[in-house]
Structure formats: structure tokens, C-alpha cells
Amino acid sequence: MISAPVVFNRVRQVKQEHVLRYWDELSESSQLKLLEQLRAIDFELLDDLTRRFIFGKENSQFAGDLAPADIIPIPQTASQQAEAIRAWRYGEDILRQGKVAAILVAGGQGSRLGFEGPKGKFIATPISRKSLFQMHAEKIKALGIKYKTTIPWLIMTSESNDAETKEFFERFSYFGLDQKDVYFFTQQMIPAIDGQGKLILDRKDHIFTNPNGHGGTLISLKNSGLLAEMKTRGIEELFYFQVDNVLIRICDPCFIGYHSLANADMSAKVVAKKHAHEKVGVIGKLNGKVTVIEYSDLPKSEMEATTPDGKLKYNGGSIAIHLIKLNFIEKLTSKELNLPYHVAHKKIPFIDDNGNLVIPESPNGYKFEMFIFDALAYAKNCVVIEVVREDEFSPIKNLTGEDSPDTARRDLINYYGRMLNKLGVDVPFDQQHDVQGALEISPFLAMDENELKSKLGPDFKFTDNFYLE
Ligand code: UD1
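Please read these numbers as outputs of a predicted model, since none were measured by experiment. (Residues numbered from 1 in each chain as written. Predicted model: local features only at pLDDT ≥ 70, side-chain atom pairs only at ≥ 80, totals over all residues. Heavy atoms only, no water.)

Peer 1: Before we go on, may I ask you to explain the overall build of the protein chain in this structure?
Peer 2: Scanning the protein chain from terminus to terminus reveals 14 helices and 21 strands. Its C-alpha atoms give the protein chain a radius of gyration of 24 Å, within 12% of the compact-globule value 23 Å for 469 residues. Its C-alpha atoms put the protein chain at 75 × 50 × 50 Å along the principal axes. Buried positions account for 53% of the 469 residues belonging to the protein chain. When the accessible area of the protein chain is evaluated, it comes to approximately 22100 Å², of which 49% is carbon and sulfur surface. (Helix = DSSP H or I, 4+ residues; strand = E, 2+ residues; numbered from the N terminus. Rg over C-alpha atoms; globule rule 2.2 N^0.38 Å. Buried < 20%, exposed > 50% of the residue type's maximum accessible area, 1.4 Å probe, protein only. Areas by Shrake-Rupley, 256 points an atom, 1.4 Å probe, with all protein chains shown as cover.)

Peer 1: Help me understand the nonpolar core in this model?
Peer 2: The tendency in soluble globular proteins is for nonpolar side chains to be buried side by side. Of all hydrophobic cores here, the largest spans 62 residues; its most connected members are Leu38, Leu154 and Leu221. For this core, the element with the most residues is helix H3 (residues 43-55), which contributes five residues. Residue contacts for Leu221: discarding those within four places in its chain leaves Ile103, Leu154, Phe185, Leu226, Leu227, Leu238 and Ile329. One finds Ile140, Val243, Ala264 and Val271 within the second-largest nonpolar core, a separate group that totals 43 residues. (Core = buried A, V, L, I, M, F, W, Y, C linked by side-chain atoms within 4.5 Å. Contact = heavy atoms within 4.5 Å.)

Peer 1: Hey, could you run me through the side chain of Thr407 in this one?
Peer 2: The topology assignment puts Thr407 in helix H13 (residues 405-422). At 2.8 Å, the side chain of Thr407 forms a polar contact with the backbone nitrogen of Ser404. (Polar contact = N/O pair within 3.5 Å; in protein donor to acceptor, adjacent residues only side chain to side chain.)

Peer 1: Sorry if this is basic, but what is going on with the pattern of salt bridges here?
Peer 2: With the rule as written, the count across this model stands at 33 salt bridges. The salt bridge partner of Glu304 is Lys300, with a shortest N-O separation of 3.6 Å. Residue Glu304 and its partner Lys300 are both found in helix H10 (residues 300-304); the two are separated by four residues, about one turn of the helix. One salt bridge in this structure joins Lys422 and Glu449, with 3.5 Å as the shortest N-O distance. One end of the pair, Lys422, is in helix H13; the other, Glu449, is in helix H14 (residues 449-453), with 27 residues separating them in the sequence. With a relative accessible area of 23%, Glu449 lands in the partly exposed category. What emerges from the salt-bridge pattern is a single network uniting Asp178, Lys180, Asp181 and Arg233. (Salt bridge = Lys/Arg side-chain N within 4 Å of Asp/Glu carboxyl O.)

Peer 1: Before we go on, may I ask you to explain the packing of helix H1 (residues 4-13) against helix H2 (residues 28-40) in this structure?
Peer 2: To describe two helices that pack against each other, one gives the angle between their axes and the distance between the axes. Relative to each other, H1 and H2 sit at 60 degrees, their axes nearing to 10 Å. Between H1 and H2 lies a crossing whose hand is left-handed. Residues Ala4, Val7, Phe8 and Val11 of H1 lie in contact with H2, whose contacting residues are Leu35, Leu38 and Arg39. Taken together, the residues that form the contact of H1 with H2 break down as six nonpolar, no polar and one charged. (Axes fitted to C-alpha atoms, helices over the stretch in contact; angles between N-to-C directions. Left-handed = near helix turned anticlockwise from the far one by under 90°. Nonpolar A, V, L, I, M, F, W, Y, C, P; charged D, E, K, R; others polar.)

Peer 1: Mind showing me how you'd approach the site of the ligand here?
Peer 2: Taken together, 22 residues are adjacent to the ligand, and Gln187, His214, Glu294, Ser318 and Lys397 come closest. In the model, an oxygen atom of the ligand is placed 2.9 Å from a nitrogen or oxygen of the Gly281 main chain. The side chain of Lys397 places a nitrogen or oxygen atom 2.4 Å from an oxygen atom of the ligand. Taken together, the residues of the shell around the ligand break down into 10 nonpolar, eight polar and four charged. (Near = heavy atom within 4 Å.)

Peer 1: Honestly, H3 in this entry has me stumped. Any pointers?
Peer 2: Each α-helix winds once per 3.6 residues, and so residues spaced three or four apart point in a common direction. Among all positions of H3, only Phe43, Leu46, Leu49, Thr50, Phe53 and Ile54 are buried. Close packing links the buried residues of H3 with H1, H2, strand S5 (189-191), strand S6 (193-194), strand S15 (341-346) and strand S18 (365-370). Sitting at the head of H3, Asp42 places a side-chain oxygen 3.3 Å from the backbone nitrogen of Glu44. Positive backbone phi, at 55 degrees, marks Lys57, one or two positions downstream of H3.

Peer 1: Sorry, what's going on with the sheet that holds S18 here?
Peer 2: The strand order S6-S18-S15 describes an open sheet built from three strands, whose pairing is antiparallel. The open sheet has two free edges, formed respectively by S6 and S15, since each of these has just one partner strand. Note: S15 against S18, six bridges, orientation antiparallel. Along S18, the bridge assignment pairs Tyr341 with Met370. (Pairing = 2+ DSSP bridges.)

Peer 1: Would you mind going over the environment of Glu449 with me for this structure?
Peer 2: Along the primary structure Glu449 and Lys146 are separated by 303 residues, whereas in three dimensions their C-alpha atoms are 15 Å apart. Once residues lying within four places of it in the same chain are set aside, the contact partners of Glu449 are Met419, Lys422 and Leu423.

Peer 1: For this particular structure, what's the right way to read the packing of helix H4 (residues 78-96) against helix H9 (residues 253-261)?
Peer 2: At a minimum axis separation of 6 Å, H4 and H9 run at an interaxial angle of 95 degrees. With respect to their mutual orientation, H4 and H9 come out roughly perpendicular. Residue-level inspection shows Gln80, Glu83, Ala84, Arg86, Ala87, Trp88, Tyr90, Gly91, Glu92, Ile94 and Leu95 of H4 in contact with H9, the latter providing Pro253, Cys254, Ile256, Gly257, Tyr258, Ser260 and Leu261. Within the contact of H4 with H9, the residues separate by chemical class into 11 nonpolar, four polar and three charged. (Parallel < 35°, antiparallel > 145°, perpendicular 65-115°, else oblique.)

Peer 1: Just checking my understanding: could you explain the packing of aromatic side chains for this structure?
Peer 2: We describe a pair of aromatic rings using the distance from one ring centre to the other and the angle between the two ring planes. Using the criterion set out here, one finds 17 aromatic pairs in the structure. Residues Phe371 and Phe373 carry aromatic rings whose centres are separated by 5.2 Å and whose planes lie at 55 degrees to one another, so their mutual orientation is tilted. Phe373 matches Phe371 in its accessibility class, with the two residues each being buried. Judged by centre distance (5.6 Å) and plane angle (70 degrees), the ring pair of Phe462 and Phe466 falls under edge-to-face. Judged by relative accessible area, which is 11%, Phe466 ranks as buried. Each residue in the set Phe133, Trp153, Phe168, Phe169, Phe172, Tyr174, Phe175 and Phe184 is aromatic and connected to the rest through ring pairs, giving one cluster. (Phe/Tyr/Trp six-rings, centres within 6.5 Å; stacked < 30°, edge-to-face > 60°.)

Peer 1: Can you help me understand the pairing of strand S2 (residues 100-105) in this one?
Peer 2: Looking along a regular strand, one sees side chains alternate from face to face of the sheet. Extensive coverage of S2 is indicated by the burial of six of its six residues. Inspection of the sheet shows S2 paired to strand S10 (residues 237-242) by six bridges, in the parallel sense. By the bridge assignment, Val100 is partnered in S10 with Glu237. Inspection of the sheet shows S2 paired to strand S3 (residues 153-157) by four bridges, in the parallel sense. Bridge assignment links Val105 to a residue of S3, and that residue is Met156. Assessed by its sense of winding, the connection that carries the chain from S2 through helix H5 (residues 132-146) to S3 is right-handed. (Right-handed = clockwise from strand over helix to strand, strands pointing away.)

Okay, here's the thing in C-alpha cells:
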């Protein structure tokens, strides 16, 4: 372990000694805590990021030739439909063989929603009032039952929400899953810096850090030993998803089928964008390689560009759902994995000269993050499929307005309503095609209308506020 004087020297060398300004008034345990943090900081990396992003005014915008990527469309023609069915069956076989694990990234800070604690604790279902975590857990359990297999579930947390996430799962007995099939691992943290490239103290004994982005998943999977554990369990594919999407089709067999039939290393799902400025990343080809360009990194001209038929040139909005081959992650992490960092100008709480905590009103610092989708560029083959937004994507991101708890509730109810409607049940829809009333269907009963078909009695009638389970 690096001794304290060596750490102090290093801190002075890199002109960050301001973080030690309360040192003398700290208790011994606080001193140890701060020292521990300083030991773990990669000052070379920070120096590089500062030079490039702060002093060099580099931004995360891409460099090179951007062009639209090939996307498998929503099946329309008979041959597309036949291909989708083939993919579905192929994917189902892979699931039955127990080769797929689900991986959830839940290490983010959920600051836009203004919800204290892990976002997965947020109550999301309209009637049974289940949390996002419970929704996901039940889908995974239901899939296991359907395909007579076990789907291990890997959950990435971060320093700030790990203990609370685990406590939540324990309190609810892992929502009926076997504890040995649920694996938690934490991602690494990275310090933010201010406009002068200085570290930011948010307590007298603590430097502000943020999770290093979901790009940190790959290396943390390796370091936690979970990559090796999954290999031992015979897992070949990881189904990657985010915590906030209430319509997520976890381990969608059709997606697994397309991905596997193409022998892809990493694949992605997209939906048609609602409008040019929707805050989703878009799929494109950068210097010939498929990638996602984050909305904040896409220039306005490209965002608004259209094709001759009037459609958006970059219309494939990433819904942050991927399939990633386990051996692709092994390859990527066997050498030094250099996913690029992206920068964001943010409001960061800090300690002022009197030792008081200040919550700034405007951005005062820079946070750095790596993004998982930058790994797409390393993939040998990669499949992108378009799916129906109404059936697969409704995230909870904001407290009100677009992508909020209200829109997620509405979209869930409409999804269940359409399922019943397709089976001939008379469901009341208003002029906006929203169900008048509330309903919910448990994944243990059915996850799509084909499953529901055999379970509904012939006299089934819609009544407001019912929960089918
Ligand atoms: C994200 C995608 C965007 C996509 C959209 C779809 C990024 C950078 N952008 O946007 O391209 O169109 O979702 O909904 O991801 N997370 C971690 N650790 C971190 C940071 C985030 O686990 O260090 C997790 C969060 O818990 C969350 C997910 O990653 O589950 C997404 O993070 P968020 O910052 O909410 O991304 P969005 O802006 O919603």
C-alpha cells in the first residue's frame, strides 16, 4: 500500500493540495477515509481528461464520418415476418438451454427524477404498486418458469446506492427469485473536477466522485469475478438493460435469435424517434462502425437532417437494450479496455472556504463517464433491430411531462389494454387511444397476447381497475 507521505507528495505534485486544507481538523478515521480516496485516484487519467476537456476545450462530439446504419425493420412483409418467427424460435431454444443471463445497470444517480435512493425502488405498476426492481424480477422469474431454466440476474450498483439496493432485495426476499441467482456488483467511481481542473471537496473529508458510467460495467464484471462465474454457469449471452423502462421485454427471444443467427458480438434495439430532439441516443455508423451517438453529442444539423422521403436521417433511437456475448467481454477486458470518456457540465455540491456545503445554482464542474454502447465499435458483427415503441419502451426519467411516472403508467395500461383487445375483449379506448380506466396483467399470467389467449375464459369482460394474475 502506498504510504501517506507518498500520497501527499503526489497530491502536491499534481497541484491538488487544496483537498487537504481541513486535514488538521479531521478525526483520525476521517483522515484515513480521505487518504483512502486519494490513494485510489488515477491522477494521470484526470490530468489527461483535464487537458483535453477543460483546457483543450475538446468535447465528446464524435470525430469522423457519420452515416446511417442498417436496421432490421419491424416485420411487415411475409418474408420479414417469417424471419422474425425463425429468430424467435431460435432465441427460445437458446433460452431453454440456459445460456442467457440478464444484466441490469442501476448504478446511476437518477437525479432528474428527484427520487431519493435507488431508482429501482420507485413504484411503477398501476394497480399492484410494484417497484421497478420487482417488475423486472417477476419477469425474470416468469421467463425461467416458461422456459424451464434459470436466468441469472446481475445487477450493477454504485457506491452511493449499493447497500440500499441490497437491503431492498433482502427486505422483499428477492421478489421470489433464488438469492443464489441474483448477483450484485459495484462499478467504480471517478472524481469530478472544476473549471480549473481541481478536485472538488463535498465534505471536509471527502472528494466528490460520481459513478464512472455504464461503460464501467465491463471491467467491473471482470474484476468482480462475475464474468468467470457466468462462464462456469454456461452463460454465453448477456441481455443488458436499464432500470427505468417499464415496458422492457427482458431476454426477448426474437432479439436473441436475430443476434445469435448473425453471430453478433453485441447488438442493439431501437425505436423510431418521436421527434428530432427527443433525448435518446441514435444509431449510426461512425467511420464504418455501428455505434450510438448520444443526444448531447449529436450536432443539431445531424439531429434535424432528413432523407428525401422526409424521415429523420438518424431515426433509430437507442433504447439502451443490448445483447453482449460473454466471450466478447472476455476479449475486450483481457487487454486494457479504453472506452472513451464523455464529459458533462453539471452542478456539483462543494465545501466553501468556511467549510459550509454549497449547492450551486448553475453548473460548476465536469463529470466524466464511459458509455457501454462505445463497445459496439469493437464488435465483429452487430445487429440492430427496430421494435414498436408502444410495446417496448416507456422509461421513467422525469418527475413530470415526457418520460415520467404518469406516461409510464399510461403506457403500461395501454399495453395491457391492447393485449386484451387483440384477443377480442371489448376495451374502452378514448380518442387518444388511451384505455379509459386502469388494468394490469401479472407476468406470471402472461407476458404477451399469445400466452394470455389460453388463459382467458370465453366470457372474460373488461372492468375498470382490475389486476389479472
Ligand atoms: C440513456 C442513454 C440514451 C438512451 C436512453 C434510453 C446514456 C448515456 N444514454 O439516457 O442513449 O437513448 O437511455 O432510455 O446511457 N447508469 C449506471 N451507472 C452510471 C450511469 C448510469 O448504472 O454510471 C445506469 C442508470 O442507473 C440507468 C442507465 O444507466 O439505468 C441510464 O442512465 P441515464 O443517465 O439515466 O441515461 P439517459 O440520459 O436516460
